[in-house]
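Reading the structure
Residues per chain are reported as follows:
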Amino acid sequence: MRTKLFGVAGAFGLLVGTTMPALAHHAFNAEFDANKPIKFQGTITKMLWVNPHAWIYVDVKKPDGTVEEWMIETGTPNTLLRRGLTKESLQAGTQITVDGYQSKDGSLRANGRDLTLPNGQTLFLGSSGTGAPDEIKPKK
Amino acid sequence: MADGHPDLNGIWQAFVTANFDIQDHEAQPGPHPEIMGAYGAELPGQSIVEGGDIPYQPWALAKKKENFAKRMTVDVSSDKTWHASGDPELKCYMPGVPRATYMPLPFQIVQGSSPYILVAYAFTSATRTIRMNWKGDAPTDAWMGWSRGRWEGETLVVDVTGQREETWLDRAGDFHSDKFHVVERYTPASPYHLLYEATIEDPKVYTRQWKMSFPLYRRVEKNLQLLEFKCVPFTEELLYGKFRKPNGDVK
Amino acid sequence: MNDRTSALLAFLAFVTALVLVPQPIGGQTTSGTRQTTGGTKSAGARATAKKTAPVQRTPWGDPDLQGVWNDATSTPLQRPGDLAGKDVLNDEEAAEFQEQTAHGLTRDRRDGGRDADVNRAYNEHWMDARRLKITADHRTSLIVDPPDGRIPSLVPLSPERQKARAARADANARFNAGMPNTFHDMSLPVRCIIRTDSPPYLPTIYNNDFHIFQSPGYVAIAPEMIHSARIIPLDGRPHLRGDLQQWLGDTRGHFDGPTLVVETTNFRADDGVVFQGANPATYRITERFTRVDADTLNYEFTIEDPMTWTRPWTARIPWTKIDPGEQMYEYACHEDNFDIVHFLTGARAREKRGETVGPRPAGAAAAGER
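Calculation criteria
Residues take numbers from 1 onward in each chain, read along the sequence in its written order. As a convention, the first chain written is A and the first ligand written is 1, with the rest following in written order. Residues qualify for local features only when their pLDDT is at least 70, as the model is predicted, and side-chain atom pairs are given and counted only at 80 or more; totals for whole chains, interfaces and linings, by contrast, use all residues. Working definition: helices are DSSP H or I runs of at least four residues, strands are E runs of at least two. Numbering for both runs from the N terminus. With C-alpha atoms as the basis for the radius of gyration, the globule rule is written as 2.2 Å multiplied by the number of residues raised to the power 0.38. Using C-beta atoms placed from the backbone, we call a residue buried if 20 or more other C-beta atoms fall within 10 Å of its own, exposed if 12 or fewer do, and partly exposed for counts in between. It is the C-beta atoms, placed from the backbone, that decide contacts: two residues are in contact if theirs lie within 7 Å. Three classes are used: nonpolar for Ala, Val, Leu, Ile, Met, Phe, Trp, Tyr, Cys and Pro, charged for Asp, Glu, Lys and Arg, and polar for all others, with Gly counted as polar. Each nonpolar core comprises buried Ala, Val, Leu, Ile, Met, Phe, Trp, Tyr and Cys residues, the members being joined through C-beta atoms within 7 Å. Paired strands, in this sense, are two strands between which DSSP finds at least two bridges. Between the N-to-C directions of two axes lies an angle of 0 to 180 degrees, each axis being a line fitted to C-alpha atoms and, for a helix, fitted only over the stretch in contact. It is the directions from the helix axis to the C-beta atoms that the arc portrays. One confidence number per residue, pLDDT, is output by the predictor and ranges from 0 to 100.

**Quick word on the overall build of chain B**
Counting secondary structure elements, chain B contains three helices and nine strands. Counted from the first residue to the last, chain B has its helices and strands arranged as β-α-α-β-β-β-β-β-β-β-β-α. Relative to the compact-globule value of 18 Å for 251 residues, chain B shows a C-alpha radius of gyration of 19 Å, a close match. Judged by the C-alpha coordinates and their principal axes, chain B covers about 65 × 45 × 40 Å. When each of the 251 residues of chain B is scored for burial, the buried share is 42%. Partitioning the contacts of chain B with sequence separation of at least 6, the portion at a separation of at least 24 is 56%.

**Here's the deal with the overall build of chain C**
Within chain C, the regular secondary structure consists of five helices and ten strands. Expressed as a percentage of its 370 residues, the buried residues of chain C come to 53%. The long-range share in chain C, meaning contacts at least 24 apart out of those at least 6 apart in sequence, stands at 69%.

**Section: the interface of chain A and chain B**
Taken together, the contacts link six residues of chain A with four residues of chain B. Broken down by class, the residue content of the side of chain A that touches chain B amounts to four nonpolar, one polar and one charged.

**So, the nonpolar core**
Formed by 155 residues in total, the largest nonpolar core has its most connected members in Ala100, Leu118, Val119, Ala120 and Tyr121 of chain B together with Val219 and Ala220 of chain C. Look past the residues within four positions of Val219 of chain C in its chain and what remains in contact with it is Leu65, Ile212, Gln214, Ile232, Leu234, Gly253 and Leu260 of chain C.

**Brief notes about the pairing of strand 4 (residues 218–223) of chain C**
Residues and elements named next belong to chain C. Counting buried positions along strand 4 yields six of six residues, so the element is predominantly enclosed. Side chains Tyr218, Ala220 and Ala222 project from strand 4 onto one buried face, and the interleaved Val219, Ile221 and Pro223 project onto a second face that is buried too. As paired strands, strand 3 (residues 209–215) and strand 4 are joined by six bridges and run antiparallel to one another. Residue pairing in the sheet places Phe210 in a bridge with Pro223 of strand 4. Where strand 3 folds back onto strand 4 in an antiparallel hairpin, the turn is made up of two residues, including Gly217, whose phi is positive at roughly 90°. Where strand 4 meets strand 5 (residues 230–233), four bridges bridge the pair, whose relative direction is antiparallel. Residue Ile221 lies in a different strand from strand 5, and its bridge partner there is Arg230.

**As for the sheet that holds strand 3 (residues 67–73) of chain A**
The strand order around the closed barrel formed by five strands is 1-2-3-5-4 (chain A), and the pairing between neighbours is mixed. Each strand axis lies, on average, 55° off the axis of its neighbour in the sheet, ignoring direction.

**Describing the sheet that holds strand 6 (residues 155–161) of chain B**
Read once around its circumference, the closed barrel built from nine strands follows the order 1-2-3-4-5-6-7-8-9 (chain B), with strand pairing classed as mixed. Taken pair by pair, the neighbouring strands of this sheet meet at an average axis angle of 30°, ignoring direction.

**Some details on the environment of Gly217 of chain C**
All names here are of chain C. Locating Gly217 in the fold gives a position in the loop between strand 3 and strand 4. Owing to 14 C-beta atoms within 10 Å, Gly217 belongs among the partly exposed residues under this scheme. When the C-alpha positions of Gly217 and Arg114 are compared, they lie 54 Å apart, and in sequence the two are 103 residues distant. Here Gly217 is in contact with Pro233, Leu234 and Asp235, once residues within four sequence places are set aside.

**A short note on the environment of Lys63 of chain B**
All names here are of chain B. Mapped onto the fold, Lys63 is located in helix 2 (residues 58–69). C-beta crowding within 10 Å serves as the criterion here: with 15 such atoms nearby, Lys63 is assigned to the partly exposed category. Sequence spacing of Lys63 and Val97 is 34 residues, and the spatial spacing of their C-alpha atoms is 20 Å.

**Some thoughts on helix 3 (residues 232–240) of chain B**
All names here are of chain B. Taken as a whole, helix 3 has its buried residues at Val232, Leu239 and Tyr240. Buried residues in helix 3, looked at end-on, bunch into an arc of 65°, giving them a common side. Those residues of helix 3 that are exposed and aimed more than 90 degrees away from the buried face are Phe234 and Glu237.

**Notes on the environment of Met307 of chain C**
All names here are of chain C. Along the chain, Met307 turns up in the loop between strand 9 (296–304) and strand 10 (313–321). On the neighbour-count criterion, Met307 (16 C-beta atoms within 10 Å) is partly exposed. Sequence-wise, Met307 and Val155 are 152 residues apart; in three dimensions their C-alpha atoms are separated by 6.6 Å. Not counting chain neighbours up to four residues away, the residues in contact with Met307 comprise Val155, Asn279 and Thr282.

**Brief notes about unusual backbone geometry**
The residue after Asn51 of chain A, namely Pro52 of chain A, is reached through a cis peptide bond having omega 0°. Looking at the element boundaries, Pro52 of chain A is found in the loop between strand 1 (32–48) and strand 2 (55–61). Residues Val97 of chain B and Pro98 of chain B are joined by a peptide bond in cis, for which omega reads 15°. Along the chain, Pro98 of chain B turns up in the loop between helix 2 and strand 2 (107–111). For Ser125 of chain B, which is not a glycine, the phi torsion comes out positive at approximately 50°. Mapped onto the secondary structure, Ser125 of chain B falls in the loop between strand 3 (116–121) and strand 4 (127–132). Despite not being glycine, Cys192 of chain C has its phi angle at roughly 65°, a positive value.

**Here we look at the confidence of the model for chain C**
Residue and element names in this part refer to chain C. Here chain C averages 86 in pLDDT, while 83% of its residues score no lower than 70. For residues 364–370, every residue scores under 50 in pLDDT, and the model assigns this stretch 32 contacts once sequence neighbours within four places are set aside. For this predicted complex, the interface score ipTM comes out at 0.97, alongside a pTM of 0.89.

**Section: the pairing of strand 1 of chain A**
Residue and element names in this part refer to chain A. Direction of pairing for strand 1 relative to strand 4 (residues 95–103): antiparallel, over a ladder of eight bridges. Across the sheet, residue Phe40 finds its bridge partner in strand 4, namely Val98. One ladder, built from five bridges, connects strand 1 with strand 2; its direction is antiparallel. Across the sheet, residue Lys46 finds its bridge partner in strand 2, namely Tyr57.

In structure tokens, the structure reads:
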């Protein structure tokens, strides 16, 4: 086993006195509750390919049969576009598992910590920058 | 330019009042005349639409009037209705094409020897990249659209697709759908003028293709530069003021 | 750990995101067009160049910097404390440093408890993959001067400036606790006024892209966030008079051999406009852009402010050309910035439930907001 040459305290040591980045991004646990993890399956109704955050709308069927509409916050779409994805890459009707944290104010909003398809594949991981759009179609 | 094409470099500006209304419009009081008086009044102008009128489908003409009636109605309390009303210009959203061309602020063209031409607008520092002889489509929609350019003789032809459906064409509520398609033509008319034409189609909103045109004038002042018009700070109170802490900090 | 500490750590975690190495995905791409004229010596070529090559020039004779460039890297701005005295690593050390840094930065980890987990959103594929690599020259900091690789110490600040810094730190603390009073408690980037387009250009977690355009007498630099462009006249005209102030300042440039030298003044006095709470009236930033080969450009900036730091300091960041294979895309921000409302309405809802923000711990939230 390779000996560590440098203390990993460096990881935070890196940060002491470091500048604030221009993108002084908000701490997510300011908005999303670490004590309210959520994990559910739902059906995508649409995706907003917008900045600063893309949003995925998910219909979640509750045990009593009612349907809740959740808004899932994700990252910047531009990274995905550079890998060949487009706004057609995620179609309505797709089943998705959302593993994340609910909004602190209790609304039906969560940050999408892990998003997976029924086959276990991480959403949007597929494209490798070949330029070919990675189509994710609903299971028929 | 070295490649033989016209040199469109420079700072340009339109002097029509089309940003109020691209069709014929008389002078009229603007919003809140009881406060704004003549400051807020709308300037008169003749239509830049060839033939005079935008060929709306009947439902769309009604929608345009509704847009105008609600142009100052701003409500961002719900994400789903964030864009449902209010002139995007009022909110300092990027104006899209063709509206950016006739905003009452200059823009600058930077044309070099790469496959891209930059158009930078003073209004909210909006920019667009014209990709020359480009095959690829817009991967998603953008407020300033997706612009592909080519030369036809002395004319720069720019095909604009993939524009966010929320942009308006003016303060009068003129609008379009996600099927909006604009073909611009920039043709040098003298060392100091370009003729700007935009052919517009949208099968969901208009009954046929239509066209607007007006001159663009070169700004010739010595040492002129685009000054910032970063208007986001001018809109935050309007958009977000009502969500502040009651009796909390005013600032 | 409590909310505020974890918020601080998470906040600092984002701060780490200043360092990632350019490493093109799927191999090197070369630019679509190249205009070269014969045999100009590349005077002042950077030491990092493998060999000096003739300067690529535009048809009108300026060094050619045109294209889309990416500046992501994991190399930190400041040398970590435990690497003091080591400005460059050997290959083995570099590999380990890169691995450890990448482990610290990766968003695919789910360890460390829920507070850490929620703050790592989102997975790596939403991030710029190049940001997990250190610079090719294996430096331990982006700062190259002073030799210790750290931002110089502060001069004593006036009581007025200390008060302003404290007020900003208080606003940050309220915001990070999810309880902002108004939109003013949020930073300029969160409000979508300026982001990475504010000089100096520093790497961040994604969208580390810059599109350079040139025309006779101008260079224009368009950063991805937030869709603006600095259009830089090269004709030697003076800066705007001091009474005109801008969020991105006022920039003038000239070519010195192969290097574009850029100076910016006339910054607004608002919090967050100049680097880390420096004094806008005395702040000076000079940036240098030198293309070293077909796919690499060195970006170097020097910042000085005798009212803030004891001496000037300089950093160097390599940029990698990514077009035509990869493009820069529109980054609209204010137009769909739903989170501003979420933060504010969320705070009001939580206030109704009786939640409050505690006093800011001394020293929490680094001094000054960009």
